[in-house]
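Topology and contacts: notes
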Amino acid sequence: MKHLIRKTAQWAVRSAAWKTTSKWIRGTERWNRLEDEYDGSYAKGEVVVYFGDRSSKFYQLEQWLPVLEELHKKHRVVLVLRKGSALLQALESTHLPVVFKRRFDPLHTFYHANDFKLALYVNNGVTNFQSLAFAPMVHVHVNHGESDKLSMVSNQAKSYDKVFVAGDAAIERHRRALIDFDESALVKVGRPQLDIDRPPELEPSSARTIMYAPTWEGENESNNYTSVDLYGPQIVEAALRVPNARLIYKPHPRVEASNDPAMTEANTRILALIDHANEAIDDPTQQHQVLMQGDILAMFYTVDLLVTDISSVGLDYLYLEPHKPLALTDRRTDTNKLNAEAPISRATPIIDETTVDRVESMLLEMFSDDTAAAARQELRRHYFGEGEKGTSTALFTAAVSDLIADRTVELRKFHSESTNAESSDD
């Protein structure tokens, strides 16, 4: 009997289930230790930046970090994270104070123990509502980009006290997409993430630089704006034929990891086309490049012409380089709808099913006779407001300061000891 018990125990500890459980226990111990280490006892801030997702979505917060570090000089900022992988990435990415609260009750205990006035949210993560339940703070959604994608507007916008948007185009986007929404919640602040100076990441060249920067396929068909599977190889072939030009292929990072067979096949074909073209080019400064990683904003300085899809990339380029030509793709070949939903398309050539065979001549014409420059400048004002680089940061900081001042006054007559929010902690 003892022998049987011993054998059963040995089998159990060697089993895959036990190894998984043991790994989970050790991981839990690690997160408990990190939660104790980053408990927030050192955090005396005015602004909470809440991020409840894992590291796979950390890019949504990461692009705000330089802006938040600037804001920290005027209003003390604290990052509040709920997932261990995001905590570890934050510790490598910023010197801002970081707090780790995995569970609901410690999160609200932390909030009550401090004197925070304002909370910022860079996405619509499902745990945002646990933070939104804390009434003393003013809750502000800032999103993580500016684009004409359908996903840029959510009915969840109604949950926040204020929603910071780039400009008039974003206001129109909310007006079209939402019913019974109070537009007074929208505050125009431009795009402060683009005001940060970045060291150039792309070496200059005597050749003209064409960048093809497509987006990924999205979570569903309505949010699918990519051109890779439909037009990608043809766009690349055309760009490679342009005289005295080099091509920079800089797709969204999720293109490389796509599980869509059509996306994978097209991306592989693009890589092969670029490799083959480089075989005949000896000068490394004129060779075509594939850049799957890196800060695309820091590459724009060296780009002479951009081809991209409906995404934040085209609008970021418009903000930073409005004097340079830009072309957009339309996988649905519906120009009227595209012009209505993405105003930027009114001032760019469109690559779709009817024009993809003429991309080479389109690119040559854009280089030789850029007739859309004035229209792009007007659209830049429509998307981001008046002012040059730096204006957005000033607007953002002023908006935060005004809300903090107003909330400080309101809190003098406010008292709260509890919340009726429900925890989802298991």
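An account of the accompanying structure is given in this report. Treat the numbers as computed from the prediction; the structure is a model and nothing was measured.

Quick notes on the sheet that holds strand β13 (residues 350-351)
The sheet built from 6 strands is open, its strands ordered β10-β9-β8-β11-β12-β13 with parallel pairing. Among the strands making up the open sheet, the edge pair consists of β10 (289-290) and β13. In the packing of helix α11 (residues 261-278) onto the sheet, the strands contacted are β8 (208-213), β9 (245-249) and β10, and the crossing angle to β9 comes to about 150°.

Here's the deal with empty space enclosed by the protein
One pass over the structure, following the stated rule, counts 1 cavity of 30 Å³ or more. Taken as a whole, the largest cavity spans an internal volume of roughly 30 Å³. In terms of lining residues, the largest cavity is bounded by N124, G125, N128, F129, L132, Q156, S159 and Y160. In terms of residue class, the lining of the largest cavity is built from 3 nonpolar, 5 polar and no charged.

Quick look at the sheet that holds strand β3 (residues 98-100)
Strand order in the open sheet made by the 7 strands is β3-β2-β1-β4-β5-β6-β7, with parallel pairing throughout. A strand with exactly one partner marks an edge of an open sheet, and here the two such strands are β3 and β7 (186-188). Adjacent strand axes in the sheet meet at a mean angle of 30°, parallel and antiparallel pairs treated alike. Sheet analysis places strand β1 (residues 47-51) next to strand β2 (residues 77-81), joined by 5 bridges and oriented parallel. By the bridge assignment, V49 is partnered in β2 with L79. In this fold helix α6 (residues 104-112) packs onto β1, β2 and β3, with an angle of close to 165° to the strand it touches most, β2.

Quick word on unusual backbone geometry
Look at N143: it is not a glycine, yet its phi comes out positive at around 60°. One non-glycine residue, T333, lies in the positive phi region at around 50°. For T333, the position within the fold is in the loop between β12 (326-329) and α13 (335-341).

Focus: the environment of N259
When you line up the elements, N259 lands in the loop between α10 (253-256) and α11. Looking at N259, the relative accessible area reads 75%, which means it is exposed.

Observations regarding the packing of helix α9 (residues 228-241) against helix α14 (residues 359-368)
Interaxial distance between α9 and α14 falls to 8 Å at its minimum, and their mutual angle equals 50°. Our classification of the angle between α9 and α14 gives oblique. Of the two elements, α9 crosses α14, and the hand of that crossing is right-handed. Between α9, through I235, A238, A239 and R241, and α14, the contact on the second element is made entirely by V359, E360 and L363.

About the criteria used
Residues numbered from 1 in each chain as written. Predicted model: local features only at pLDDT ≥ 70, side-chain atom pairs only at ≥ 80, totals over all residues. Heavy atoms only, no water. Pairing = 2+ DSSP bridges. Helix = DSSP H or I, 4+ residues; strand = E, 2+ residues; numbered from the N terminus. Contact = heavy atoms within 4.5 Å. Axes fitted to C-alpha atoms, helices over the stretch in contact; angles between N-to-C directions. 1 Å grid on protein atoms, 1.4 Å probe; cavity = no way out; pocket = protein on both sides within 12 Å on 5 of 7 lines; lining within 4 Å. Points joined across faces, edges and corners; volume = space filled by probe spheres on them. Nonpolar A, V, L, I, M, F, W, Y, C, P; charged D, E, K, R; others polar. Buried < 20%, exposed > 50% of the residue type's maximum accessible area, 1.4 Å probe, protein only. Parallel < 35°, antiparallel > 145°, perpendicular 65-115°, else oblique. Left-handed = near helix turned anticlockwise from the far one by under 90°.

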